Every structure is written in structure tokens, then in C-alpha cells.
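Here is how the chains run, residue by residue.
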Amino acid sequence: MTQRPGQLHLNAFLMSVGHHEASWRLPESDPFANTSVAHFKDLARIAERRKLDSVFLADSPVLWNNVGRRPAGTLEPTVLLAALAGVTEQLGLIATASTTYNEPFNLARRFASLDHLSGGRAGWNVVTTAGADAARNFNLDDLPAHSERYARAAEFIDVSLKLWDSWGDDAPLGDKESGVWGDDRKIYPPRHVGRYFKVEGALNVPRSPQGYPLLVQAGSSDDGKELAAQYAEAVFTAQQTLEDAQRFYGDLKGRARALGRDPASIKILPGIVPVLGATEAEAHALDAELDRLIKPEYAKRQLAQTLRVKPEELDLDAELPRELPSEDQIEGAKSRYTLIVSLARRERLTVRQLIGRLGGGRGHRTFAGAPEQVADAIQHWWEQGAADGFNVMPPVLPSGLEAFVEHVIPILQRRGLFRTEYEGRTLRDNYGLPRPANRNLGRDLVAAAE
């Protein structure tokens, strides 16, 4: 294996009682943990104990799935992460929020507030949100076009950056003697007028400890990769094979380089669902038990929705239909659609087998094995230039996260692949990224010269 400098970045993707859709049916699981703050506090403590970079919460402005299938309903992620900030000290806190169904001022304020109250540990996972169901919750009849959603997202991020930079770092003075709390000359209203947004005034939150939250992106379509190359500092992606992961890695780093960015400033983190056992046989037994607990009628309905076909067109014991919509006909979740169809075609899976493969990670790579085997799999992708780290998606929570941090992390630490202590207090410190300078600093220098 080729050695490479640096160390892995590992993020814990937390989802109710686990990423496997049947995890809630195990005897050990609390089927109501999805709204338990105590449950998520325990998970955050577990992640910080072994120095994971961050925890991550997904989100969508729509009720996911059929409520009969798995624990439904999620707490608003920035609110939940505010609670987790109080029981952790150095663990990063990343929340998903949609640029399609929010406004820049409100969202920029929420993330700046989270960054302040956590001491600089906030991250924003930027998504554009697929699905017509979400659109109909926001005065729309249908999903905006894919390209339109990404154009709006780019402007949304640009406006958010202007808002986070609308206070100079030295604007707050707190000068009791003179009676001057702040310097109005260091306030920079965006006065933005664009295609999608008009935002006049400065943010009502001072510039935060990180300057602005770590920017994360989770789309793998061409539009998603262009957005990531321009703005993202970490990228969550779903890749099934080493070759696909290497292609994605090289493509995205190349796009960043073409835009004048240092490719090392973007951390690419594929998802991995580690099904762990003390032995390989134990791991495969757990994997089989989870798959046995899947209710195929629910899973088939979800798969049909993803593939844009009717459920009756899918035969559980046959391969996918030969005729499926082309990627050009898919307006939401393009990259996930392509991944699922490619997986099924490449391995000639029946619908039942495909449902089992998707049950744990919805297209992310699932790996069952003993701790050494999981560590080997992670190290192999890292050393072969397919990842800067991983978005770890335990199939069962809390036991899957506990097993990973107690049995896999020490192996990676002994191999010199993962930290034994945090590098600093902020999420940017632990990602090895500098605090961004306020882009209005140049305006100050010009004004002073004049």
C-alpha cells in the first residue's frame, strides 16, 4: 500500500436507533429514541471519547417514508446540536439544512448562533432537497428543476458568507470608559440583490469563533460537484466501489484545483456502514438478522419511488426492469439513482437482494467484519486515494457506534492513521483548516488609505 501524509477524518452520522431500517426491531433498541435528547447526548459523548472529528445529523423538510417502516420524525438538527454542545467540548457539530426551503438571513443566523454557543464547532451540510413532497410543504406544486436548485444554492451560500462577514472581528469593543460598545464602521451590510435573493442588512449576530461554520456538501451529481468544488470544505458522498470512489475523489479535487483552490482544503468522506462483530461470522450473523427483519413491502415501495416506477413493476425475486427512466429524466437525487441502478445491474441483484443491500445505508457501502477487517477496509481506501476519511454510519445505535470507537478506532490509532488527541478547540482546527479572513478586510484597508 502507498503511504500518504496526514491522518484520517472520521465523522459519526447519527440516525435515530441506527442506519439499518430494521435496527429498531432488535431487542436492544428503543423504538422511540429518535426524539430522545438523552439518546443523542450519549452518542455525542461516545464519539468525543475516541476523538471523532464530528457528529452529523441529516434533515429534510418533509416526513420521511411511511411511518410504518421505521422510526419517523426527527428533531430540528440545529436545536438538537445546541443541546449536544452542552455535553461536549471539542466534538464538531454538523447539521443539514436546505437552501431550497430556507432564507439566507434566518439560516446564517442559526448557524452563527450554534458556532458561538459551541465555541466554534458548527458545520453546515448544504443540501438542495429532492422530492416533490417537500415542495408541496412550501407553497410549490412541484420540485424546482435540478439546475435551478443548484443555482439558488450557490447564491444562497454567497449571501450567507456576506452575512457572516457583515461584522468585522473587531467590531465589538465593549469600551466601558468611553461608553462605546461597538464600532459602526466595522459593520458591512450585504446590500445583496441577485436572481433569487434580496438581502439588505447586516446579520444580528457578531462574527463567530470560526469566522463562519465549516461548509459541507452532500451531492454527487455534476451540479453538486461544481457547488462542492467552489464552496465545500468537506464532502459526504456515497460510493460502492474503490474505482468509483477514486474517480469521484480525483474529479472533485481536480475541479477545486481548476477554480484556484488547494485540493487539500476539501476533505472527501464517503459513507461506510460498519457491521461489526467480535469475529467475521458474528458480523455476518448480525447483518443477516437485520436483513431478515426488513419488511419488504415497505422497502419495495420506497425503492419504486426512488426509481420513479410503480411498486407493482418490481418483482421481489427478479432483477430490476430492463426499462427504467434515464438519469436525464430524474430531477431529484440524481447521483443516488445512478448508484442504485448501477449496483443492481453490475451485481445482477434481484429486487429482494437490492433491498437488503440498501437496508443498511441507502446506497452507502456496507461492510461486515471483525474490527481488524473494518480497519483494513478503511485504510485501503485511504491509502489508495479514494477518501480523506469516512462518514461512519452505524447500522445500530448506540451499540454500533460503541463497537466502532472501542474496537476499530484503537487499531487505526496504533497504525498512526487517526488522532489520539484533538488538534484544537474548533472544528476547523481539527480539520486542519485556517479560520477564514473577513472578506471586508480589504475594504477597510482601502478606506484607510483614502
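First, a word on scope: everything that follows refers to the structure included in this document. No experiment lies behind these values; they were computed from the predicted model shown.

Some thoughts on the environment of Ala151
- By the element assignment, Ala151 lies in helix H5 (residues 146-164).
- C-alpha separation for the pair Ala151 and Asn391, spaced 240 residues apart in sequence, amounts to 26 Å.

As for unusual backbone geometry
- In this structure, the amide linkage connecting Leu397 to the following residue, Pro398, adopts the cis form with an omega of 10 degrees.
- Position of Pro398 relative to the elements: it lies in the loop between strand S13 (389-392) and helix H13 (399-414).
- The phi angle at Lys51 is positive, at roughly 70 degrees, despite the residue not being glycine.
- With respect to the helices and strands, the residue Lys51 is situated in the loop between helix H1 (37-49) and strand S2 (54-57).
- With phi around 65 degrees, Asn139 is a residue other than glycine that occupies positive phi space.

Thoughts on the packing of aromatic side chains
- Taken as a whole, this structure holds 11 aromatic pairs when the rule is applied.
- The interplanar angle of 80 degrees and the centroid separation of 6.2 Å between the aromatic rings of Trp124 and Trp164 together place this pair among those described as edge-to-face. Of this pair, Trp124 sits in strand S4 (residues 122-127) while Trp164 sits in helix H5, placing them 40 residues apart in sequence.
- Residue class for Trp124 comes out buried when judged on its relative accessible area of 0%.
- With a centroid separation of 5.5 Å and an interplanar angle of 90 degrees, the aromatic rings of Phe156 and Phe197 are classed as edge-to-face. Highlighted residues: Phe156 in helix H5 and Phe197 in the loop between strand S7 (192-193) and strand S8 (198-199), separated in sequence by 41 residues.
- Owing to a relative accessible area of 3%, Phe197 belongs among the buried residues under this scheme.
- Counting every residue linked through ring pairs, the aromatic cluster contains Phe111, Trp124, Phe156, Trp164, Tyr196, Phe197 and Tyr212.
- Just above the ring of Tyr212 sits the side chain of Arg428; from NZ or CZ to the centre is 4.9 Å.

A short note on the pairing of strand S1 (residues 9-14)
- Of all 6 residues in S1, 6 are buried, a share of seventy percent or more.
- Residues His9, Asn11 and Phe13 line one face of S1 and the alternating positions Leu10, Ala12 and Leu14 line the opposite face, and both faces are buried.
- Relative to S13, S1 is paired through 4 bridges, and the arrangement is parallel. If you follow Ala12 over to S13, its bridge partner there is Val392.

Quick word on the pattern of salt bridges
- Counted by the stated rule, this structure contains 31 salt bridges.
- With its nearest N and O atoms 3.6 Å apart, the salt bridge here joins Glu148 to Arg195. With a gap of 47 residues between them, Glu148 in helix H5 and Arg195 in the loop between S7 and S8 connect regions that are remote in the sequence.
- Judged by relative accessible area, Glu148 falls into the partly exposed class, the value being 35%.
- Relative accessible area serves as the criterion here: at 62%, Arg195 is assigned to the exposed category.
- Across the pair Asp169 and Arg207 runs a salt bridge, and its minimum N-O distance is 3.2 Å. Linking Asp169 in the loop between H5 and strand S5 (172-175) with Arg207 in the loop between S8 and strand S9 (214-217), this pair joins segments that are 38 residues apart in sequence.

Details of empty space enclosed by the protein
- For the structure shown, the criterion picks out 1 cavity of 30 Å³ or more.
- Taken as a whole, the largest cavity encloses approximately 50 Å³ of empty space.
- Around the largest cavity, the lining residues are Glu21, Ala22, Trp24, Arg25, Arg69, Leu293, Ile294, Lys295 and Tyr298.
- Here the lining of the largest cavity is built from residues that sort into 5 nonpolar, no polar and 4 charged.

Re helix H9 (residues 296-307)
- Across its 12 residues, H9 extends 16 Å between first and last C-alpha, which sits within 8% of the 16 Å expected from 1.5 Å per residue.
- For H9, every residue scored as buried is listed here: Tyr298, Ala299, Leu303, Ala304, Thr306 and Leu307.
- One or two residues past the end of H9 sits Arg308, with phi positive at roughly 60 degrees.

Focus on the packing of H1 against H13
- Closest axis-to-axis distance for the H1/H13 pair is 9 Å, and the angle between their directions is 15 degrees. By the angle class used here, H1 and H13 are roughly parallel. Seen along the crossing, H1 lies across H13 with a hand that is left-handed. For the pair H1 and H13, contact is made by Leu43, Ile46, Ala47 and Arg49 and by Leu401, Glu402, Val405 and Glu406, respectively.

Quick notes on the nonpolar core
- The biggest cluster of nonpolar side chains holds 69 residues, and the ones touching the most others in it are Trp124 and Trp164.
- Ranked by residues supplied to this core, first place goes to H5 with 9 residues.
- Aside from chain neighbours lying at most four places away, what touches Trp164 is Ala108, Phe111, Ala112, Trp124, Leu203, Arg207, Gly211, Tyr212, Pro213 and Leu215.
- Ranked by size, the runner-up nonpolar core spans 26 residues in total, among them Ala22, Ala238, Leu290 and Tyr337.

Observations regarding the pairing of S4
- Counting buried residues along S4, 6 of its 6 residues qualify, which places the element largely inside the surrounding structure.
- By the alternation rule, side chains of S4 split into Ala122, Trp124 and Val126 and Gly123, Asn125 and Val127, which are all buried.
- Taken together, the 6 bridges between strand S3 (residues 92-98) and S4 define a ladder with parallel strand orientation. In the sheet register, Ile94 faces S4, and the bridge partner there is Gly123.
- As paired strands, S4 and S9 are joined by 4 bridges and run parallel to one another. Among the inter-strand pairings, Asn125 is bridged to a residue of S9, identified as Val216.

The rules behind each value
- Residues numbered from 1 in each chain as written.
- Predicted model: local features only at pLDDT ≥ 70, side-chain atom pairs only at ≥ 80, totals over all residues.
- Heavy atoms only, no water.
- Helix = DSSP H or I, 4+ residues; strand = E, 2+ residues; numbered from the N terminus.
- Phe/Tyr/Trp six-rings, centres within 6.5 Å; stacked < 30°, edge-to-face > 60°.
- Buried < 20%, exposed > 50% of the residue type's maximum accessible area, 1.4 Å probe, protein only.
- Lys NZ or Arg CZ within 6 Å of the ring centre and 35° of its normal.
- Pairing = 2+ DSSP bridges.
- Salt bridge = Lys/Arg side-chain N within 4 Å of Asp/Glu carboxyl O.
- 1 Å grid on protein atoms, 1.4 Å probe; cavity = no way out; pocket = protein on both sides within 12 Å on 5 of 7 lines; lining within 4 Å.
- Points joined across faces, edges and corners; volume = space filled by probe spheres on them.
- Nonpolar A, V, L, I, M, F, W, Y, C, P; charged D, E, K, R; others polar.
- Expected span 1.5 Å × (residues − 1).
- Axes fitted to C-alpha atoms, helices over the stretch in contact; angles between N-to-C directions.
- Parallel < 35°, antiparallel > 145°, perpendicular 65-115°, else oblique.
- Left-handed = near helix turned anticlockwise from the far one by under 90°.
- Contact = heavy atoms within 4.5 Å.
- Core = buried A, V, L, I, M, F, W, Y, C linked by side-chain atoms within 4.5 Å.

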